[in-house]
Amino acid sequence: MYSNTFFNISVYTVIQLTLLFAILFGVIFKDMLEYKLSIWLKDQNSPIKIDYQTPNIIAAYLGTTLFGFLCVASSLSTFNIVEWLSLVIGAIVVFPTALLIWVQLGSMFELMANEGIESINIEKEYMLGNKEFEE
């Protein structure tokens, strides 16, 4: 077993802990976004832009990203590759994906603010597509 990990504990314990914290930060991030969205939907005189770039939401997203990166890197270290290589591969996988998700989240909120919440309803378009296909 490869025991050269970030701490002097088992790599499997590190994987479990980082996954737990990544999930917890992800749930916190989701709840904060839902709260911001509900406030925006209730306010009739709402601004055209949904303010999702608050310090709390950014911290929750960075926590999710960081612990997700540590989980991926420690998972890769179980394959007996060098520790720095698992960190590099984990960074290549996680950080660009997290950046893409953050940018797309902003685009989605902008679309929703400009064209309404119905513009991002995937189920409606899918159901309409099936009806047109059946006829």
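J.: What should I look at first to understand a nonpolar patch on the surface in this one?
T.: Taken together, the side chains of Val-82, Trp-84, Leu-85, Val-88, Ile-89, Ile-92 and Val-93 make up a nonpolar region of the molecular surface, amounting to roughly 620 Å² of accessible area. As for its position among the elements, Ile-89 is in helix 3 (residues 83–115).

J.: What exactly am I supposed to notice about the layout of surface pockets here?
T.: Gaps left between atoms are located by rolling a probe of water-molecule size over the structure's atoms. Computed from the structure, the largest pocket encloses a volume of approximately 160 Å³. Along the wall of the largest pocket there are 10 residues; nearest its centre are Leu-33, Glu-34, Leu-37, Met-108 and Phe-109. The residue inventory of the lining of the largest pocket, partitioned by class, reads 8 nonpolar, no polar and 2 charged.

J.: Help me out: how do you make sense of the packing of aromatic side chains in this one?
T.: By convention here, two paired aromatic rings are described through the distance between centres and the angle between planes. Scanning the entire structure with this criterion turns up 8 aromatic pairs. Pairing Tyr-52 with Trp-102 gives two aromatic rings, centres 5.1 Å apart and planes at 50°, and the pair type is tilted. Remark: Trp-102 occurs in helix 3 and Tyr-52 occurs in the loop between helix 1 (11–42) and helix 2 (55–76); sequence separation between them is 50 residues. Just as Tyr-52 is buried, Trp-102 falls in that class too.

J.: How should I be thinking about the packing of helix 1 against helix 3 in this particular structure?
T.: The relative placement of two packed helices is expressed as an angle between their axes plus a distance between the axes. As a packed pair, helix 1 and helix 3 sit with axes 13 Å apart at the nearest point and diverge in direction by 15°. Considered as vectors, helix 1 and helix 3 are oriented roughly parallel to each other. The handedness of the crossing between helix 1 and helix 3 is right-handed. Here Phe-29, Leu-33, Leu-37 and Trp-40 of helix 1 come into contact with helix 3, specifically with Trp-102, Leu-105, Phe-109, Met-112 and Ala-113. For the contact of helix 1 with helix 3, a count of residues per class yields 9 nonpolar, no polar and no charged.

J.: Teacher, can you tell me more about the confidence of the model for the chain here?
T.: Note: predicted coordinates in regions of low pLDDT should not be interpreted at a detailed level. Averaged over every residue, the pLDDT of the chain is 83; residues scoring 70 or more account for 78%. No element of the chain has a lower mean pLDDT than helix 4 (residues 122–134), at 60, and none a higher one than helix 2, at 95.

J.: Explain helix 2 here, please?
T.: Given 3.6 residues to a turn, an α-helix orients residues that are three or four positions apart in the same direction. Over its 22 residues, helix 2 runs 31 Å from end to end, which matches the ideal 32 Å to within 8%, given 1.5 Å per residue. Listing the buried residues of helix 2 in full gives Ile-57, Ala-60, Tyr-61, Gly-63, Thr-65, Gly-68, Phe-69, Cys-71, Ala-73 and Ser-74. Here the buried face of helix 2 lies against helix 1 and helix 3.

J.: Would you mind going over the packing of helix 1 against helix 2 with me for this structure?
T.: Contact geometry of helix 1 with helix 2 gives a least axis separation of 8 Å together with a crossing angle of 155°. The angle between the axes of helix 1 and helix 2 places the two elements in the roughly antiparallel class. For the pair helix 1 and helix 2, the crossing hand works out as left-handed. Of the residues contributing to the contact of helix 1 with helix 2, the split by class is 17 nonpolar, 8 polar and 1 charged.

J.: Teacher, can you tell me more about the nonpolar core here?
T.: General note: in soluble globular proteins, nonpolar side chains tend to be found buried as a group. Ranked by internal contacts, the top residues of the largest apolar core, which has 14 residues, are Phe-29, Leu-33, Tyr-52, Trp-102, Leu-105 and Phe-109. Secondary structure elements with two or more residues in this core: helix 1, helix 2 and helix 3. Among the elements that make up this core, the one with the highest residue count is helix 3 (6 residues).

What counts and how
Residues numbered from 1 in each chain as written. Predicted model: local features only at pLDDT ≥ 70, side-chain atom pairs only at ≥ 80, totals over all residues. Heavy atoms only, no water. Patch = residues over 30% accessible without salt bridge, like charges linked within 9 Å, V, L, I, M, F, W, Y side chains within 5 Å. Areas by Shrake-Rupley, 256 points an atom, 1.4 Å probe, with all protein chains shown as cover. Salt bridge = Lys/Arg side-chain N within 4 Å of Asp/Glu carboxyl O. Helix = DSSP H or I, 4+ residues; strand = E, 2+ residues; numbered from the N terminus. 1 Å grid on protein atoms, 1.4 Å probe; cavity = no way out; pocket = protein on both sides within 12 Å on 5 of 7 lines; lining within 4 Å. Points joined across faces, edges and corners; volume = space filled by probe spheres on them. Nonpolar A, V, L, I, M, F, W, Y, C, P; charged D, E, K, R; others polar. Phe/Tyr/Trp six-rings, centres within 6.5 Å; stacked < 30°, edge-to-face > 60°. Buried < 20%, exposed > 50% of the residue type's maximum accessible area, 1.4 Å probe, protein only. Axes fitted to C-alpha atoms, helices over the stretch in contact; angles between N-to-C directions. Parallel < 35°, antiparallel > 145°, perpendicular 65-115°, else oblique. Left-handed = near helix turned anticlockwise from the far one by under 90°. Contact = heavy atoms within 4.5 Å. pLDDT = per-residue confidence, 0-100. Expected span 1.5 Å × (residues − 1). Core = buried A, V, L, I, M, F, W, Y, C linked by side-chain atoms within 4.5 Å.

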